[in-house]
Amino acid sequence: MVLKQYTAYLILERGLSVNTRECYLNDVKKLLSYLNDNNLVLKDVTLDHLHNFIAELHDLGISARSQARIISGIKSFFRFLKIENYIDSNPTLLLESPRVGRKLPEVLSIEEIDEMISCIDLSANEGQRNRAIIETLYSCGLRVSELINLEINKIFLDEEYIVIKGKGDKERIVPISPTAIHEIKLYLDDRCRLDIKPEEENILFLNRRGRRLTRVMIFYIIKQLAELAGIRKEISPHTLRHSFATHLLEGGANLRAIQQMLGHESITTTEIYIHIDRTRLREEILTFHPRNKG
């Protein structure tokens, strides 16, 4: 009963996406399972109980990063319980997350992206589609979920922008490059020959059966192209998003503008690209400055 009400709260009050809601609910289910195993009920949970729960996660080998995410989900749940008067006090107010070192994401060079695109076999049925996918991901800095749900009526090719529905169903306008527009137009000619399922008629990128692509399929396409291009970095569709933002910053783009295009709610999230830029600058200095040459 409580989980059903919490789910409604996440939808109506928080406006969270399906994926984010599932993560929050899974975190709560972990806690509820722990409480059940220890004969505890929600109204009796104390900070000590929560510390023991986190310690058990650590013993199970769950990483500090995953622990921090679970704690975030639990805090959200207890805030809801307090708002709805299920509990008298919130035991998570003093619950601290483990310190997580911020790992800088991999970034592809322009040359590496071009090499991946050149490895696409345009004679294959999905060749032009895959080319349009890579160009769209890199041109617009999309999340993979945003790409697979990209709707045709939200693409304005003549005006050179697209409307993206991001996290929490919030929409944002993102410019799209002439190169990506060209590849999409070529792909649309191929798309017309598909047997498109009625519920997918407005979805841009489809598989050969006329259905929208899955996240797993996009990962597979990226991994395969990276392998063909001889790229040894650990990359994913998100790598193209990181590359998009990093190349914009290196080119002199304003950090606020990058934040808006990426759909980040907080500028703090976008600031990671400043660290990437500084790291690259240091590497350039160490490599090319005459005092550093052996």
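Residues numbered from 1 in each chain as written. Predicted model: local features only at pLDDT ≥ 70, side-chain atom pairs only at ≥ 80, totals over all residues. Heavy atoms only, no water.

A. Structural detail: the overall build of the chain. A count of helical and extended segments in the chain gives 13 helices and 3 strands. Per-residue burial over the chain gives 40% buried out of 294 residues. Across the chain, every contact between residues at least 6 apart in sequence was considered, and the portion connecting residues at least 24 apart equals 58%. (Helix = DSSP H or I, 4+ residues; strand = E, 2+ residues; numbered from the N terminus. Buried < 20%, exposed > 50% of the residue type's maximum accessible area, 1.4 Å probe, protein only. Contact = heavy atoms within 4.5 Å.)

B. Molecular detail of the sheet that holds strand 1 (residues 155–156). Strand order in the open sheet made by the 3 strands is 1-2-3, with antiparallel pairing throughout. Where the open sheet ends on each side, the last strands, each with one partner, are strand 1 and strand 3 (171–175). (Pairing = 2+ DSSP bridges.)

C. Spotlight on helix 11 (residues 255–262). If you check which residues of helix 11 are buried, you get Leu 255, Ile 258, Gln 259, Met 261 and Leu 262. All buried residues of helix 11 fall inside an arc of 165° around its axis, so they share one side. Residues Arg 256 and Gln 260 are exposed on helix 11 and point more than 90 degrees away from its buried face. Immediately beyond the C-terminal end of helix 11, within one or two residues, lies Gly 263, with a positive phi of roughly 80°. (Arc of directions from axis to C-beta.)

D. Focus on helix 4 (residues 64–83). With 20 residues, helix 4 should cover 28 Å at 1.5 Å per step; its first-to-last C-alpha distance of 29 Å lies within 8% of that length. Phi for Asn 85, located one or two positions after helix 4, is positive at around 65°. (Expected span 1.5 Å × (residues − 1).)

E. Region of interest: the packing of aromatic side chains. For the structure on display, the rule yields 10 aromatic pairs. When the centroid spacing of 5.9 Å and the interplanar angle of 75° are considered together, the rings of Phe 77 and Phe 78 count as edge-to-face. Exposure remark for Phe 78: the relative accessible area of 0% places this residue in the buried category. Considering the side-chain rings of Phe 80 and Tyr 86, the 6.2 Å spacing of their centres and the 40° angle between planes classify their relative orientation as tilted. Residue classification places Phe 80 among the buried residues on the basis of a relative accessible area of 2%. Among the aromatic residues, those joined into a ring-pair cluster are Tyr 6, Tyr 9, Phe 77, Phe 78, Phe 80 and Tyr 86. (Phe/Tyr/Trp six-rings, centres within 6.5 Å; stacked < 30°, edge-to-face > 60°.)

F. Here's a closer look at the environment of Lys 233. Tracing the sequence through the fold places Lys 233 in the loop between helix 9 (215–228) and helix 10 (237–250). According to the relative accessible area criterion, Lys 233 is partly exposed, its value standing at 28%. Considered as a pair, Lys 233 and Leu 108 are 125 residues apart in the sequence and their alpha carbons are 8.4 Å apart. Not counting chain neighbours up to four residues away, the residues in contact with Lys 233 comprise Glu 106, Val 107, Leu 108, Ser 109 and Glu 112. Reaching out from Lys 233, the side chain makes a polar contact with the side chain of Glu 112 at a distance of 2.9 Å. (Polar contact = N/O pair within 3.5 Å; in protein donor to acceptor, adjacent residues only side chain to side chain.)

G. Geometry of the pattern of salt bridges. One pass over the full model with this rule turns up 13 salt bridges. Asp 44 is the partner of Lys 43 in a salt bridge, and the nearest nitrogen-oxygen pair spans 3.6 Å. With relative accessibility at 39%, the residue Asp 44 sits in the partly exposed group. Here Lys 154 and Glu 171 are joined by a salt bridge, their closest N and O atoms 2.8 Å apart. Of this pair, Lys 154 sits in the loop between helix 7 (144–148) and strand 1 while Glu 171 sits in strand 3; the two residues are 17 residues apart in sequence, bridging distant segments of the chain. (Salt bridge = Lys/Arg side-chain N within 4 Å of Asp/Glu carboxyl O.)

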